[in-house]
Amino acid sequence: MTEPAMETVDPFGMTAERQFADVWSREVLSTRERRLLLLGLLVGQGIDDQVEVQLDAALRTGQLGEGELREVVVFLTHYAGWSRGARLNTQVEELIKRVRRPRSDTPDPAG
């Protein structure tokens, strides 16, 4: 295996990735608590694309269940504002539908 050319190396990206890994692996707060804090911050700032990533991670890892995600919507709507809360509600409900979709809806690769 050859080393990547220097122009393809992203030292900032590698450093940032390492710093995020370090922050997420600290032991004082749980990953679930960190996820909740991050969701509040992202919703408050209106960073919707990252909200979707974090919601998906929270639901699929079991850190937050459907009821808990809906409660996050209620709580954050009162602090982040109704328009951001409405957008968050849409994101949560669409995610829940996607995750709940029965496997029978997916085509069988064998035909």
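Below, the structure is looked at part by part. None of these values were measured; they are calculated from a predicted model.

With that settled, the discussion passes to the overall build of the chain. A count of helical and extended segments in the chain gives 5 helices and 0 strands. Start at the N end of the chain and walk to the C end: the helices and strands fall as α-α-α-α-α. The burial tally for the chain puts 22% of its 111 residues in the buried class. Across the chain, the fraction of contacts at a sequence separation of at least 24, relative to all contacts at a separation of at least 6, is 51%. Of the roughly 8300 Å² of accessible surface on the chain, 56% is carried by carbon and sulfur atoms.

Before going further, it helps to spend a moment on the pattern of salt bridges. For the structure on display, the rule yields 7 salt bridges. Between Arg87 and Glu52 there is a salt bridge, with its nearest N and O atoms 3.3 Å apart. Here Arg87 is found in helix α5 (residues 82–100), whereas its partner Glu52 is found in helix α3 (residues 48–61), with 35 residues between them in sequence. Since its relative accessible area comes to 35%, Glu52 is described here as partly exposed. Arg100 is the partner of Glu66 in a salt bridge, and the nearest nitrogen-oxygen pair spans 2.4 Å. Here Glu66 is found in helix α4 (residues 66–80), whereas its partner Arg100 is found in helix α5, with 34 residues between them in sequence. Look at Arg100 and you get exposed, because its relative accessible area is 53%. Within this structure, Glu66, Arg70, Glu93 and Arg100 form a network of salt bridges that share partners.

Reading the values: rules and limits
- Here the residue index of a chain counts from 1 through its sequence in written order.
- Local features in this predicted model are restricted to residues whose pLDDT is 70 or higher, and side-chain atom pairs enter the listing and the counts only when it is 80 or higher, whereas totals over whole chains, interfaces and linings include all residues.
- For the side-chain quantities, the full set of heavy atoms in the structure was used; hydrogens and water were omitted.
- In this text, helices come from DSSP runs of H or I with a minimum length of four residues, and strands from runs of E with a minimum of two, each type numbered from the N-terminal end.
- Only protein chains enter the calculation, and the probe is 1.4 Å; a residue is then buried if its accessible area is under 20% of its type maximum, exposed if over 50%, and partly exposed in between.
- Throughout, a residue-residue contact means that at least one pair of heavy atoms, one from each residue, lies within 4.5 Å.
- With residues, only the protein chains shown are counted as cover, and all accessible areas are computed by Shrake-Rupley using a 1.4 Å probe.
- Salt-bridge detection follows one rule: a side-chain nitrogen of Lys or Arg within 4 Å of a carboxyl oxygen of Asp or Glu.

Keep in mind these numbers describe shape, not what the thing actually does.
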